Amino acid sequence: MEPRNVNRRFEQLRAAARLDWLHLHDLRHAFATFLLDQGEELRTVMELLGHSTIRMTADTYGHVLPARARQAASAIDRVLGEEGTA
């Protein structure tokens, strides 16, 4: 796709939806954030975004990772709690 055509079409859709505050790059950030929030691997997100290093992805989207860590800790608590009651 020609980048100018993508930008032009995005601007048309954005104007029609009255989303003046939305930028095309915001969709990229939303894409990455949603994937990480849904448990997708950091490496997969890195590859989809075309980042050269996993650190770049982690530094940019690290705000999503603490929530994932809490979910992981809760999962372990559930496993240990279930095993401890048997």
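Residues numbered from 1 in each chain as written. Predicted model: local features only at pLDDT ≥ 70, side-chain atom pairs only at ≥ 80, totals over all residues. Heavy atoms only, no water.

### Thoughts on helix α1 (residues 3-16)
So, step 1. Given a rise of 1.5 Å per residue, 14 residues ought to cover 20 Å, and the 20 Å separating the end C-alpha atoms of α1 matches this to within 8%.
So, step 2. Phi turns positive one or two residues past the end of α1, at Arg18, with a value near 55°. (Helix = DSSP H or I, 4+ residues; strand = E, 2+ residues; numbered from the N terminus. Expected span 1.5 Å × (residues − 1).)

### So, the pattern of salt bridges
So, step 1. Applying the stated criterion to the full structure yields three salt bridges.
So, step 2. Its salt-bridge partner being Arg14, residue Glu11 comes within 2.8 Å of it at the nearest N-O pair. In this pair, Glu11 and Arg14 are both assigned in helix α1, three residues apart and thus about one turn of the helix distant.
So, step 3. Take Glu11: its relative accessible area is 39%, and that puts it in the partly exposed class. (Salt bridge = Lys/Arg side-chain N within 4 Å of Asp/Glu carboxyl O. Buried < 20%, exposed > 50% of the residue type's maximum accessible area, 1.4 Å probe, protein only.)

### Overview of the side chain of His51
So, step 1. For His51, the position within the fold is in the loop between α3 (42-49) and α4 (54-61).
So, step 2. A polar contact of 2.6 Å, which involves the side chain of His51, links it to the side chain of Thr57. (Polar contact = N/O pair within 3.5 Å; in protein donor to acceptor, adjacent residues only side chain to side chain.)

### Quick look at the nonpolar core
So, step 1. Membership of the largest hydrophobic core is limited to six residues, which are Ala32, Leu36, Val45, Leu49, Tyr61 and Val64.
So, step 2. Elements with a contribution of two residues or more to this core: α2 (24-37) and α3.
So, step 3. Leaving out residues up to four positions away in the same chain, Ala32 has contacts with Val45, Leu49 and Tyr61. (Core = buried A, V, L, I, M, F, W, Y, C linked by side-chain atoms within 4.5 Å. Contact = heavy atoms within 4.5 Å.)

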